[in-house]
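Residue-level listing of the chains:
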Amino acid sequence: MSFEWPGLLWLMLAIPLLVALYLFILKRKKSMAVRYASLSLLKEAMRGAAWRRHVPPALLLVALGVMIAAIARPTAVVTLPSQHETVILAMDVSGSMRASDVEPNRLVAAQNAAKAFVSQQPENVRIGVVAFAGTATVAQAPTRSREDVIAAIDRFQLQRATAIGSAIIVSLATLFPGEGYDVSAFSYLSEKKPQKPSNFKPVPPGSYQSAVIILLTDGQRTTGPDSVMAARLAAERGVRIYTVGVGTPAGATIGFEGWSMHVRLDEETLRSIADLTRGEYFYAGNAVELKRIYETMRARMVLETKKTEVTAIFAAVAAVLVVLAAGLSLAWFNRIL
């Protein structure tokens, strides 16, 4: 635990002073009773000097200490529900997704796992779908309708080439419309960034809590903007990218419309994308593992461990102690303190 305003903790020095004042008052009362009261009255007074007399004041002192701690704005690392409101599923629909090293094939396995993931999300989370091959398009704008998202996933059609960078940029354009994220501003080899709004200021990677991108692919970038450069754009916006690699690192040879090629998983690039954006890379070697990975990401997105101010808790504890002290004093001595 730490404090935003630790300098105010010096106020705690008032507590031992109050304890000393309380002891002085008790001693003074006792001497006055011996000096002026009769023996019967003294016995009656001493009868009320049992340990219960000190409980309400002690509770008040503890309440004062807790309240001073609350004024210093305490913070603690706690696990709380995430504030993510939008999830963009960027899914590879290139021809290599027809490879059957993941049964029944990579595309069907990815679709099934994605649909299971969508159905398990909280109702308040909006989900969008970006499909990418040689280009990237928004297959479904962010929506809370799970039926629309699943229908978009079912409509996937395989195409040629793999533009991972385009998928990231289109995902960012979906999250931040009208802010200069345009795939046409990039070329295959260029790393030139599009113009940002004049008031744009980069934020720490992973600091944007309202959205995440889940990028699923099975191959290497063959066209479109540089993948790592596009990931840097997401990092500047604080958007985390969770990458999922489908298939096997050794790769597979597939045929499509009269041609064949060998495709393998580019894990190095996917790890770089995840690291740059403070996300995480997952490897899915088969359909079962892919589904488990999506379930893991759901758990990590719903619950987040982060530094949170807990002033309200301290204030509530102090209020309860004050009420308890007043109640005990009223019950035991027919007066409030």
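Residues numbered from 1 in each chain as written. Predicted model: local features only at pLDDT ≥ 70, side-chain atom pairs only at ≥ 80, totals over all residues. Heavy atoms only, no water.

Considering the nonpolar core
In this structure, L89, I214, L290 and Y294 are the most contacted members of the largest nonpolar core, which totals 34 residues. Within the residue set of this core, elements represented by two or more residues are β3 (86-92), α4 (106-119), β4 (126-132), α5 (146-154), β6 (211-217), β7 (240-246), β10 (281-284) and α9 (287-302). The dominant element in this core, judged by the number of residues it contributes, is α4, at seven residues. Those residues in contact with I214 that sit more than four places away from it in its chain are V87, I88, L89, A90, F117, Y242, V244, Y294, M297 and M301. (Core = buried A, V, L, I, M, F, W, Y, C linked by side-chain atoms within 4.5 Å. Buried < 20%, exposed > 50% of the residue type's maximum accessible area, 1.4 Å probe, protein only. Helix = DSSP H or I, 4+ residues; strand = E, 2+ residues; numbered from the N terminus. Contact = heavy atoms within 4.5 Å.)

Some remarks on α4
For α4, with 14 residues, the first-to-last C-alpha span of 20 Å sits near the 20 Å given by 1.5 Å per residue. Counting buried positions over the 14 residues of α4 gives 10, a clear majority of the element. When α4 is considered as a whole, its buried residues turn out to be R106, L107, A109, A110, Q111, A113, A114, A116, F117 and V118. With a side-chain oxygen lying 3.1 Å from the backbone nitrogen of L107, the N-terminal cap of α4 falls on N105. (Expected span 1.5 Å × (residues − 1). Polar contact = N/O pair within 3.5 Å; in protein donor to acceptor, adjacent residues only side chain to side chain.)

Here we look at the sheet that holds β4
Read from one edge to the other, the open sheet built from six strands follows the order β5-β4-β3-β6-β7-β10, with strand pairing classed as mixed. Each edge of the sheet is formed by a strand with only one pairing partner; in this case those strands are β5 (136-143) and β10. On average, each strand axis in the sheet is tilted by 15 degrees relative to the strand beside it, whichever way the strands run. The pairing of β3 with β6 spans six bridges and is classified as parallel. From the neighbouring strand, T86 faces β6, where its bridge partner is A211. (Pairing = 2+ DSSP bridges. Axes fitted to C-alpha atoms, helices over the stretch in contact; angles between N-to-C directions.)

Observations regarding the packing of helix α6 (residues 164-175) against helix α7 (residues 227-236)
Relative to each other, α6 and α7 sit at 20 degrees, their axes nearing to 7 Å. Classed by the angle they form, the pair α6 and α7 counts as roughly parallel. Between α6 and α7 the crossing geometry is left-handed. Across from I164, G165, I168, I169 and L172 in α6, the residues of α7 making contact are S227, A230, A231, L233 and A234. Across the contact of α6 with α7, the residue classes tally to eight nonpolar, two polar and no charged. (Parallel < 35°, antiparallel > 145°, perpendicular 65-115°, else oblique. Left-handed = near helix turned anticlockwise from the far one by under 90°. Nonpolar A, V, L, I, M, F, W, Y, C, P; charged D, E, K, R; others polar.)

Side note on the pattern of salt bridges
Tallied over the full model, the rule gives three salt bridges. Close ionic contact of D154 with K115 constitutes a salt bridge, the shortest N to O distance being 2.8 Å. In this pair, D154 sits in helix α5 while K115 sits in helix α4, placing the two residues 39 residues apart along the sequence. The partner of D226 in a salt bridge is R221, and the shortest N-O contact between them spans 3.7 Å. What makes R221 partly exposed here is its relative accessible area of 24%. (Salt bridge = Lys/Arg side-chain N within 4 Å of Asp/Glu carboxyl O.)

Notes on the environment of A99
Looking at the element boundaries, A99 is found in the loop between β3 and α4. Placed 148 residues apart in sequence, A99 and G247 show a C-alpha to C-alpha distance of 8.1 Å.

Some details on the confidence of the model for the protein chain
The pLDDT averaged across the protein chain works out to 81; a share of 80% of its residues lies at or above 70. pLDDT under 50 marks residues 187-191. Its contacts with residues more than four places away, or in other chains, come to 11 contacts. (pLDDT = per-residue confidence, 0-100.)

Details of a nonpolar patch on the surface
Together, W5, L8, L11, M67 and I71 make up an exposed nonpolar region whose accessible area comes to about 430 Å². Using a relative accessible area of 46% as the deciding quantity, one classes W5 as partly exposed. (Patch = residues over 30% accessible without salt bridge, like charges linked within 9 Å, V, L, I, M, F, W, Y side chains within 5 Å. Areas by Shrake-Rupley, 256 points an atom, 1.4 Å probe, with all protein chains shown as cover.)

What about the side chain of T217?
Along the polypeptide, T217 turns up in strand β6. When its relative accessible area of 0% is taken as the criterion, T217 is described as buried. The residues touching T217, leaving out its near neighbours within four places in the chain, are D92, F132, T162, I164, V244, G245, V246, L265 and L270.

Structural notes on the packing of aromatic side chains
For the structure shown, the criterion picks out two aromatic pairs. Judged by centre distance (5.4 Å) and plane angle (45 degrees), the ring pair of F117 and Y294 falls under tilted. Of the two residues, F117 sits in helix α4 while Y294 sits in helix α9, which places them 177 residues apart along the sequence. A residue is classified by how much of its surface remains accessible, and F117, at 1% relative accessible area, is buried. By relative accessible area, which is 1% here, Y294 ends up buried. One Lys or Arg, R73, reaches over the ring of W5 and ends 5.0 Å from the middle of that ring. One residue, R237, lies across the ring of F176, its end atom 4.5 Å from the ring centre. (Phe/Tyr/Trp six-rings, centres within 6.5 Å; stacked < 30°, edge-to-face > 60°. Lys NZ or Arg CZ within 6 Å of the ring centre and 35° of its normal.)

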